[in-house]
Every structure is written in structure tokens, then in C-alpha cells.
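Here is what each chain is made of, one letter per residue.
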Amino acid sequence: MSKFKKNIAKSVLAIAAIFAFSLWSCDPTIESLSYDLPEANSKADLTPPSASFSTTVTADYLTYTFANTSNSATDYSWNFGDGNSANTKDATNTFPSVGTYTVTLTASDKLGVTSTFSLDIEVVEPPTPPAIVPVIVNADFDKQPKSSGSDCACAGWINRSLGAQGESSSGNGGSDNLLKFDNDEQDLIYQEFEISPNTDYSITFVAGWKAKESGAFPSQLETRILSGQGYVDGYTPMYFATAAEYPQDDFGYRSVDQMENTDNNLLTEVIDHPDNTSYNTYNYSFNSGNNTSVALVIRGVGGDGTPSDDKGFLWNNGEEEIRIDSVIIEPLD
């Protein structure tokens, strides 16, 4: 076959092939057989994520913890409804104030499937518990047994590290129902008790003086409320149901310097001799601060520093005996 004829044959075959392809591509039956190929390495999500969580309020009523209980998730996004967010599995959030906040958790997996769960959180300030009313043992200073030694109204009120014990006496319409600070001696009373922090308290007591002597060293009555935070290191207060159970030493305050340190005093008041022998009622107030317990100290002062019965405390009552009838400590409204 000549070269010319061969070229004509090749051209005819090429035209035929093009025509056949055009017919195949336009055939609707053939086109219906086409389909999209799947994405490489893809597979159906047989375990899609399911978002859920539980919540617990902490001691700070504004702060909540959120425990994530979602299933089949790897990534988490928190929206606390107050402008705060987090991307951790579990979360903690402090809300700015009381109110209702919608907290939403979005859980997702590596295939990009997501699930959301929302919960309304009602932030409520808890009611303030009623203030503790201090339990004062032998607050009327009745003559009672003590842990050792003779009976006296000082039972439940002795601290030998700070001064000598007051003693029982009679007066103001009763018998053996007063505590006295002898003239020219180092007598005081001491007792610890539980209180509520950051609370205003009042202290009320009834006291009377013997008639004034020369006037050189008139007796004064000093009242102190001592901070429980000022106790000696490692001391934990103990509370007793009866006066006879109280020890006589080793309390939270064990030196006069410690007692007189102004940093340890929530209240310090000194009453001058009233120039009469009547029984008068005195009232003061103090704030407990951060303390959960305090100590009450009342003593006679105003002496010349050289007591007739020297116990080595470098202070003493003045020339007149002082008597205390009762003491009450209670929270203010």
C-alpha cells in the first residue's frame, strides 16, 4: 500500500474514534452510572460524641466546678455564659455575681462531629448562719468547785500564767455569788470561748467598788478581749462543760507581755473608780475579726506595782477591792 493510502486510513480511524467517544459521553444511560469517589481513608462515624457534664458549687458560692461526663469526644469547649470560656476537659469558673447563667459544653471528635449540652446555673448567695452565742461557764460567778483546791467563784476563770485567782464573795443581794479582786493584789479572771468570725459582739457586766481610800492609787477595772490568733504557737482551745473541769494553766495566753501586746487585743477598756459603792452595769462592743475563739480577761489595776501578795506579775490592783456580779457576751443584731 502506498504511503498516501496509509495516511488516509489512519485519519479515518481517528475520526471514527472521536465520533464514538462523543456518542458515549452524551449517552444519559452511561452518565447515570457515574458517582463521586469517597474521600481518601474516610469511614462512617459509628460512635459520634455526646456532650454532658455535672456541676458542684464550692465553699465560695460564686465558684463552681464542672465534671465532664461526655462520651466519644476528644476536644472540648466551655462557654460559661458570663464571658468566660475554657478548652479543658473539666473546668472551674467563678461567676461575677448572683444570677442565672447558661453554661454550654461543646464536645467534638477527630472526625469533626460535634455535640452540645447546656445547663442553667443559678448562683445564689447562701443565707448567713446565725452568730454563735458564746457559752460562758459560771458567768454569774457562783461559788463552785474547781479542778483542785478549795471552792471559789473563780472556777472556770483561772489562768495562773497571767495573775492570781479571784475569789468568791457576797453582795448585791446574794451570798457567794460575786468574784472579787482584792485590793493591792494581782487578781484576774480568764476564760476562752468560741465565737463567729467577722461579727459584732457586746460584753455586759455588773461591778462595784469598795469606798475610795486615800486616793493615791485608786483601783481601776480593766477588760480585755484577746484574739484567738494570738494564742501561743500550736495551741488549740479546749472547751469544758462545767467549771470544775477547767484547768488552771497552759491556756492560749501564757505571759503578761503576750496578754498586753496591743496586736492581740480586740478590746481594751479601763474603768476608773466611780467614787461610789453602787453596783453599776457596763457595756462595750467589739468585732471578732477573723477569730473563731477569743479570751476574756478582767483584772483590777491601778496599783503601785508592789503588791502585798506578789506573784511576780509586775502589776496589781489599787487600794480598793472590786467585785464583779455577772458577765454576758452575745452577738449584736
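Conventions adopted
- Residues numbered from 1 in each chain as written.
- Predicted model: local features only at pLDDT ≥ 70, side-chain atom pairs only at ≥ 80, totals over all residues.
- Heavy atoms only, no water.
- Core = buried A, V, L, I, M, F, W, Y, C linked by side-chain atoms within 4.5 Å.
- Buried < 20%, exposed > 50% of the residue type's maximum accessible area, 1.4 Å probe, protein only.
- Helix = DSSP H or I, 4+ residues; strand = E, 2+ residues; numbered from the N terminus.
- Pairing = 2+ DSSP bridges.
- Axes fitted to C-alpha atoms, helices over the stretch in contact; angles between N-to-C directions.
- Contact = heavy atoms within 4.5 Å.
- Polar contact = N/O pair within 3.5 Å; in protein donor to acceptor, adjacent residues only side chain to side chain.
- Salt bridge = Lys/Arg side-chain N within 4 Å of Asp/Glu carboxyl O.

Our next topic: the nonpolar core. Within the largest apolar cluster, 32 residues are counted, with the highest numbers of intra-cluster contacts made by I203, F205, L221, L296 and V327. Where this core is concerned, the elements lending two or more residues are β10 (174–181), β11 (187–194), β12 (200–209), β13 (220–227), β14 (265–271), β15 (280–287), β16 (293–301) and β17 (322–331). Residue contributions to this core peak at five residues, all from β12. Residues L162, L188, V297 and V301 belong to the second largest nonpolar core, which totals 20 residues.

Burial analysis of β13 places seven of its eight residues in the buried class, the great majority of the element. The pairing of β13 with β16 spans eight bridges and is classified as antiparallel. Paired with L221 across the two strands is G300, which belongs to β16. Here six bridges tie β13 to β14, and the two strands are oriented antiparallel to one another. Bridged to L221 within β14 is I271.

Moving on to the sheet that holds strand β1 (residues 53–57). Adjacent strands of a sheet form backbone hydrogen bonds with each other and so pair up, either parallel or antiparallel. Here we have three strands laid out as an open sheet, ordered β1-β2-β5, and antiparallel in their pairing. Looking at which strands have only one partner, the edges of the open sheet turn out to be β1 and β5 (91–94). Strand after strand, the sheet turns through a mean of 25 degrees between neighbouring axes, direction not considered. The sheet contact formed by strand β2 (residues 63–68) and β5 spans four bridges and is antiparallel. Opposite T63, over in β5, you have T94 as the bridge partner.

The next subject is the environment of K110. Among the structural elements, K110 can be located in the loop between β6 (99–108) and β7 (114–123). Sequence separation between K110 and P48 is 62 residues; the distance between their C-alpha atoms is 10.0 Å. With residues near it in sequence (within four places) discarded, K110 still touches T74 and D75. Only 3.3 Å separates the side chain of K110 from the side chain of D75, close enough to count as a polar contact.

Moving on, we get to the pattern of salt bridges. Inspection of every chain in the model, using the stated rule, returns eight salt bridges. D75 is paired through a salt bridge with K110; the nearest N and O atoms lie 3.3 Å apart. With D75 in strand β3 (residues 75–79) and K110 in the loop between β6 and β7, this residue pair connects regions lying 35 residues apart in the sequence. Between D182 and K180 there is a salt bridge, and its shortest N-O distance comes to 3.7 Å. There is no split in this pair, since D182 and K180 are both buried. Connected through shared salt-bridge partners, E222, R224, E260 and R299 make up one network.

Note that all results are geometric; they support no functional claim without further evidence.
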